[in-house]
Amino acid sequence: MTHPSAVGFEELARMWAWRPGLPVLMLYAYFDESGDPTNPGDRTLCISGCIGTVQAWQAWEIEWVSLLDRFGLSWFHTVDFEASTREFECWYGDAKIRESFRRQMVEIMRRHDITNLGCVIPHHQVPKEDKARRGSVQGLTPSEASALIEGDPWFVCLTWCLREAARIAADSSDDGRVALLFANKPKLSTKAAEFYQGVVLPLAPFRDHLGEVAFNGEPRRIRPLQAADLIAWHLARYTKEPGL
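Analysis parameters
- Residues numbered from 1 in each chain as written.
- Predicted model: local features only at pLDDT ≥ 70, side-chain atom pairs only at ≥ 80, totals over all residues.
- Heavy atoms only, no water.
- Buried < 20%, exposed > 50% of the residue type's maximum accessible area, 1.4 Å probe, protein only.
- Helix = DSSP H or I, 4+ residues; strand = E, 2+ residues; numbered from the N terminus.
- Pairing = 2+ DSSP bridges.
- Salt bridge = Lys/Arg side-chain N within 4 Å of Asp/Glu carboxyl O.
- Phe/Tyr/Trp six-rings, centres within 6.5 Å; stacked < 30°, edge-to-face > 60°.
- Core = buried A, V, L, I, M, F, W, Y, C linked by side-chain atoms within 4.5 Å.
- Contact = heavy atoms within 4.5 Å.

A. Structural context of the pairing of strand β5 (residues 210–217). For β5, a buried count of seven out of eight residues is recorded, marking the element as mostly surrounded by other parts of the structure. Where strand β4 (residues 178–183) lies against β5, four bridges are found, and the strand directions are parallel. Counterpart to Leu180 in the pairing with β5 is Val213.

B. Seen up close, the pattern of salt bridges. Taken as a whole and assessed by the stated rule, the structure comprises nine salt bridges. The closest approach of N and O atoms between Glu164 and Arg167, which form a salt bridge, is 2.6 Å. Remark: Arg167 and Glu164 occur in helix α6 (residues 153–172); sequence separation between them is three residues, near one turn of the helix. You can call Arg167 partly exposed: its relative accessible area is 43%. Several salt bridges share partner residues, and in doing so they unite Glu82, Arg98, Glu99 and Arg102 into one network.

C. Representation of the pairing of β4 within the structure. Across the six residues of β4, six count as buried, placing the element largely inside the fold. Taking every second residue as pointing to the same face, both faces of β4 are buried, with Val178, Leu180 and Phe182 on one and Ala179, Leu181 and Ala183 on the other.

D. Fine view of the packing of aromatic side chains. On inspection of all chains with the given rule, the structure shows 17 aromatic pairs. Arranged with centres 6.0 Å apart and planes meeting at 85°, the rings of Phe76 and Phe88 form a pair that is edge-to-face. You can see Phe76 sitting in the loop between α2 (54–70) and α3 (78–83) and its partner Phe88 sitting in the loop between α3 and α4 (95–111), a full 12 residues away along the chain. Residue Phe88 is classed as buried on the basis of its relative accessible area of 2%. The interplanar angle of 25° and the centroid separation of 5.6 Å between the aromatic rings of Phe182 and Phe215 together place this pair among those described as stacked. Placement of Phe182 in strand β4 and of Phe215 in strand β5 is noted, with a sequence separation of 33 residues between them.

E. Geometry of the nonpolar core. Ranked by size, the top nonpolar core spans 44 residues in total, and within it Trp18, Val24, Met26, Trp57, Phe76 and Phe101 carry the most contacts. Only α1 (9–15), β1 (23–32), β2 (44–53), α2, α4, β4 and α9 (224–240) provide two or more residues apiece to this core. Considering each element in turn, this core owes the most residues, eight residues, to α9. Not counting chain neighbours up to four residues away, the residues in contact with Val24 comprise Phe9, Trp18, Cys50, Ile51, Gly52, Val54, Trp57, Val178, Ala179 and Leu181. By size, the runner-up hydrophobic cluster in this structure holds 30 residues, among which are Leu25, Ile51, Ile168 and Val200.

Take a look at the structure:
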């Protein structure tokens, strides 16, 4: 493992000697604790992202950087874009530029062989944090870990995402392996590292399909994580507002 917060995707690919056909999964998480103001327990968890080969991500990144440059942006963060804040503040109320940018983003995603995947735990199924019931998976037997996973929405989502990534890798990769990059978000990074050490490594069905793993990817530098951010935000929003 390394610390990708200080490097970009190309540097990471060279550092780990990734071959062009290796699938790489980018994962981002949204944990919405605002929910329904009339229901304090209304919370939504979404872990989602995109998987593509190194070659596909490299081609995607060329177009993505070109798009950002044309619009005078240093990077893309969905929350900022949707709320017209920070770099997007001057776009507030300008439907023309916002729709032009959105359309070109979608076109870039569609032009490349990038697959979206994700798992959402709806608000009514996300329990309040219960430290007495939950704990660390480290040091547990596989059966004990499985029991803990069933009660933790973070682990449920991570299990689904990694299983789906392993399935895609088994179908498309020469050696059936996939590399994983998690966005550097405190809750996601902590849960993912704990899950990886306590569940993934001891269990062959997971371990046999996973290559390099990093838990602190910096979206500003590892641009494919910006795509994962885009997918995760929209999946979480669609779950709460299906008509959009």
